[in-house]
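# Tertiary structure, described
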Amino acid sequence: MATSAVARETVFALRRQIAKIEGTLPERLQAPAGAPVDAPRNPTADVTPQDPTADIPPKNLTIVRRGLAVAPPDAFLRTGAEGLDTALGGGLPKAALSEIHGAATRDAGAVAGFALSLVGLILKQGPRLPVLWIGTAEIFREAGFPYATGLHRLFGIEPEQLLFSEAPRLLDALWTAEEAARMTALAAVILEIRGSPQRLDLTATRRLHARAQSAGRPVFLLRQAGEPEPTAAPVRLILSAAPSAPRQTIAGPLAGSIGRPAFTVSIGKSRTALPGQFTLEWNPDECSFEERRTREGRQEPAANPVPVVSASRRGKDPAPASGAVLAFAAVGSPAAGDQPSPGERAAHRRPRRAG
């Protein structure tokens, strides 16, 4: 019996250590039946079996059962794409570290655009606080900086709301991100890193995740051209650019045009979701994502009741298609006025000198 009790106590101690690593308070774990329970650190966190309200968990607690966390709905940032939000269990966690991964450097624009779209969603829902973008000099030289005019037009972000911090070394960038992640005066923190540096390990990402949970603010880790190594981020999304659909008008798709920004989003890692892939379009007018549906093997643009391009103001119907072009002569029969002058004809007949 003593050996069995010691074994149960050891298992429960290991569960507490796992809860600390995952960012869940140990008091929110229930000990198995018959296992010894230590004195609670917070009297309001645990209830004794004699309490008649023992079966009713407090509202501010997260119940962990079989590795799945049940959190309140407002703890997630909904993207607007029902398929992706459902797969992630409600959306991206607000107070957590989220990893956005680009397989190659050429995907830096798509990764940055997706991160700015998430920032636009955050500013749309809450107070319009500034956002801090941290990166090394290497990543900014390789990928560049966002365009101020595009920030406002596409994402609803004022240029003065986006702050940049260029660090000479990765160690300085990590320190700046840890200090900024604990600040509640920022709406979000973005850390952009290129490659697979050794200092970006589980310990560094655990600190970022813990700071994000403590401040209740999201921290987005942008990985450019790096390997999908283990991190403490609960969610890892793999981003790449998707072909844009033609712009939609009242008369239908506008041929030869470029529509909304599109992203191919794959769930690389999630504690509650299965792997999946989605094609999302960013609607700059509504500041939300819309999932692109597929029908009969062909991709169709997301449904939008408001046309992006308005019809002609001079008439109800667009102009008809142009007919045959008759203003030019056929090839091989130049007009009389196009004949070369005698001087030009003589120069044309001269042999080309070699050397």
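So, here is what we can say about the structure in this document. (Residues numbered from 1 in each chain as written. Predicted model: local features only at pLDDT ≥ 70, side-chain atom pairs only at ≥ 80, totals over all residues. Heavy atoms only, no water.)

If you walk across this open sheet you meet the 9 strands as E7-E6-E8-E9-E5-E10-E13-E14-E15, and the pairing is mixed. Looking at which strands have only one partner, the edges of the open sheet turn out to be strand E7 (162–167) and strand E15 (288–291). Looking at each pair of strands side by side, their axes are set apart by 30 degrees on average, direction ignored. Where helix H7 (residues 202–215) meets the sheet, its contacts fall on strand E5 (97–102), strand E8 (188–194) and strand E9 (219–224), and the angle it forms with E5 comes to roughly 130 degrees. (Pairing = 2+ DSSP bridges. Helix = DSSP H or I, 4+ residues; strand = E, 2+ residues; numbered from the N terminus. Axes fitted to C-alpha atoms, helices over the stretch in contact; angles between N-to-C directions. Contact = heavy atoms within 4.5 Å.)

The subject of this paragraph is helix H3 (residues 108–125). Given a rise of 1.5 Å per residue, 18 residues ought to cover 26 Å, and the 26 Å separating the end C-alpha atoms of H3 matches this to within 8%. Taken across its 18 residues, H3 has 15 buried, putting it largely inside the fold. (Expected span 1.5 Å × (residues − 1). Buried < 20%, exposed > 50% of the residue type's maximum accessible area, 1.4 Å probe, protein only.)

Our focus in this paragraph is the pattern of salt bridges. Pairing is possible between side chains of opposite charge, provided their charged atoms come close. Considering all chains together, one arrives at 10 salt bridges under this definition. Linking Glu-99 and Arg-223 is a salt bridge whose minimum nitrogen-to-oxygen distance equals 3.3 Å. One end of the pair, Glu-99, is in strand E5; the other, Arg-223, is in strand E9, and 124 residues separate them in sequence. Here Glu-99 matches Arg-223 in class, with each residue buried. The closest approach of N and O atoms between Arg-207 and Glu-178, which form a salt bridge, is 2.8 Å. Here Arg-207 is found in helix H7, whereas its partner Glu-178 is found in helix H6 (residues 170–181), with 29 residues between them in sequence. (Salt bridge = Lys/Arg side-chain N within 4 Å of Asp/Glu carboxyl O.)

Here the focus is the nonpolar core. Note that soluble globular proteins tend to have their nonpolar side chains buried in a common cluster. Counting 42 residues, the largest nonpolar core has Ile-100, Phe-114, Leu-118 and Phe-289 as its most contacted members. For this core, the leading source of residues is H3, giving 11 residues. Excluding residues within four positions of it along the chain, Phe-289 makes contact with Thr-79, Gly-80, Ala-81, Phe-114, Ser-117, Leu-118, Leu-121, Phe-263, Leu-280, Glu-281 and Trp-282. Judged by nonpolar contacts, the second largest core, of 21 residues, contains Leu-97, Ile-134, Ala-167 and Ala-212. (Core = buried A, V, L, I, M, F, W, Y, C linked by side-chain atoms within 4.5 Å.)

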